[in-house]
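Overview (structure and organization)
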Amino acid sequence: MTAPKIAFICASLREGSINKKLEKALMKRFKISGAKTSSIDLGKYEMPLFHGDLETPKTVKKLITRLKGFDGIVVISPEYNGCLPPLLKNTIDWTSTVSTDYIKSAVWGLASCSPGPMSGIMCMRQMQFIFTRLGGDVLPQQVGCGNASKAFNERGDLVAQPASTFADNMRDMMLERISQKG
Ligand SMILES: Cc1cc2nc3c(=O)[nH]c(=O)nc-3n(C[C@H](O)[C@H](O)[C@H](O)COP(=O)(O)O)c2cc1C
């Protein structure tokens, strides 16, 4: 059996991002379970703010091509003012004008890390709505990780509860769903 291919996308480009930290911790957990993991750096796919009169930038098709063929995609995003950040929304909007096939063909896992206790719950709800609306198979188990400064150990592993259990549940659910799809 071939290893399931899982992409990880962090919606914060910030150096020292707590969501990048969560991305790394999640990738490690998937790798241990036999998945083939890839980190997709949105910084390499710069897009102007969407405007209907603009020609589609080359990076849009490049990103879609890169994301095609993954069995699962995990998005790890900060919450901005109770919403998903403009980087993620802009990326979704641009790609949706070309193709949503890469959304329809993957199982989607959602995660969010916040410095406070609320764990980006509103952002995850919005991501769930958007990816479901675009035809994605979105897992009900999400990984909300609050109080980021205490959530990771010195090796960068996710140790806080309930986030750690959420991460295991989401990984197991995703790998199971992918194996069922065959
Ligand atoms: C414009 C802006 C709005 C924010 N709004 C929220 C919010 O609604 N909820 C929340 O938990 N944190 C909010 N934060 C704090 C972010 O969670 C925090 O800056 C976090 O570190 C960003 O993620 P990153 O470290 O991965 O870049 C906001 C930050 C910014 C810059």
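Residues numbered from 1 in each chain as written. Predicted model: local features only at pLDDT ≥ 70, side-chain atom pairs only at ≥ 80, totals over all residues. Heavy atoms only, no water.

A closer look at the packing of aromatic side chains
Under the convention used in this document: A pair of aromatic rings is counted whenever rings of Phe, Tyr or Trp (Trp by its six-membered ring) have centres within 6.5 Å, and the orientation is called stacked for planes under 30 degrees apart, edge-to-face for over 60 and tilted otherwise. Comment: elements are numbered from the N terminus, with helices defined as DSSP H or I runs of at least four residues and strands as E runs of at least two. Throughout this description, buried means an accessible area under 20% of the type-specific maximum (1.4 Å probe, protein chains only), exposed means over 50%, and partly exposed covers the range between.
Per the counting criterion, the structure on display carries four aromatic pairs. Ring centres 5.3 Å apart and planes at 85 degrees place the aromatic pair Phe8 and Phe30 in the edge-to-face group. Taken together, the positions of Phe8 in strand 1 (residues 5-10) and Phe30 in helix 1 (residues 18-32) put the pair 22 residues apart, joining distant regions of the chain. The exposure classification of Phe8 matches that of Phe30, with both residues buried. Taken together, the aromatic side chains of Tyr102, Trp108 and Phe131 make up a single cluster linked through ring pairs.

A word on the site of the ligand
Our working rule: Note on terminology: near, applied to a residue and a molecule or strand, indicates that one of the residue's heavy atoms is within 4 Å of it. Polar contacts here mean pairs of N or O atoms no more than 3.5 Å apart (in protein, one a potential hydrogen donor and the other a potential acceptor; neighbouring residues in sequence count only if both atoms are side-chain atoms). Areas reported here follow the Shrake-Rupley algorithm with a probe of radius 1.4 Å; residue values treat only the protein chains shown as occluding. Following the grouping adopted for this structure description, the nonpolar residues are Ala, Val, Leu, Ile, Met, Phe, Trp, Tyr, Cys and Pro, the charged ones are Asp, Glu, Lys and Arg, and the polar ones are all others, Gly among them.
Residues in contact with the ligand, as listed here, are Ser12, Arg14, Ser17, Ile18, Asn19, Pro78, Glu79, Tyr80, Asn81, Gly82, Ser114 and Pro115. Take Ser12: an N or O atom from its side chain is 2.7 Å from an oxygen atom of the ligand. In the complex, the protein chains occlude 67% of the 620 Å² of accessible area that the ligand would expose alone. Its residues placed into classes, the shell around the ligand shows four nonpolar, six polar and two charged.

Brief notes about the environment of Arg66
Our working definition: We call two residues contacting when some pair of their heavy atoms lies within 4.5 Å.
Take Arg66: it is sitting in helix 2 (residues 58-67). Taking relative accessible area as the criterion, Arg66 reaches 36% and is therefore assigned partly exposed. Placed 59 residues apart in sequence, Arg66 and Ala7 show a C-alpha to C-alpha distance of 9.6 Å. For Arg66, the contacting residues outside a window of four places in its chain are Ser38, Ile40 and Tyr45.

A closer look at the environment of Tyr45
Tracing the chain through its elements places Tyr45 in the loop between strand 2 (36-40) and helix 2. Separated by 18 residues in sequence, Tyr45 and Leu63 place their C-alpha atoms 6.6 Å apart. Here Tyr45 is in contact with Ile40, Thr59, Lys62, Leu63 and Arg66, once residues within four sequence places are set aside.

Things to note about the pairing of strand 2
The side chains of a regular strand alternate between the sheet's two faces. Convention followed: Pairs of strands are assigned from DSSP output, requiring at least two bridges between the strands.
Sheet analysis places strand 1 next to strand 2, joined by five bridges and oriented parallel. What sits directly across from Ile6, in strand 2, is Thr37.

With respect to the pairing of strand 1
What counts, and what does not: Consider the strands pointing away from the viewer: the crossover is right-handed when the path from the first strand over the helix to the second runs clockwise.
Counting buried residues along strand 1, five of its six residues qualify, which places the element largely inside the surrounding structure. Assessed by its sense of winding, the connection that carries the chain from strand 1 through helix 1 to strand 2 is right-handed. Relative to strand 3 (residues 72-76), strand 1 runs parallel, the two sharing five bridges. In the strand pairing of strand 3, Ala7 is matched with Ile73.

Digging into the side chain of Gln141
Within the secondary structure layout, Gln141 lies in the loop between strand 5 (137-138) and strand 6 (143-145). Given a relative accessible area of 16%, Gln141 falls into the buried group.

Digging into unusual backbone geometry
Look at the link from Gln161 to Pro162: it is a cis peptide, with omega at 5 degrees. Topologically, Pro162 is positioned in the loop between strand 6 and helix 6 (163-181). Although it is not a glycine, Asn81 sits at a positive phi angle of roughly 50 degrees. Mapped onto the elements of the fold, Asn81 is located in the loop between strand 3 and helix 3 (86-96). Take Asn81: its relative accessible area is 79%, and that puts it in the exposed class. Positive phi values are uncommon outside glycine, yet Asn147 reaches one of about 45 degrees. For Asn147, a relative accessible area of 39% translates into the label partly exposed.

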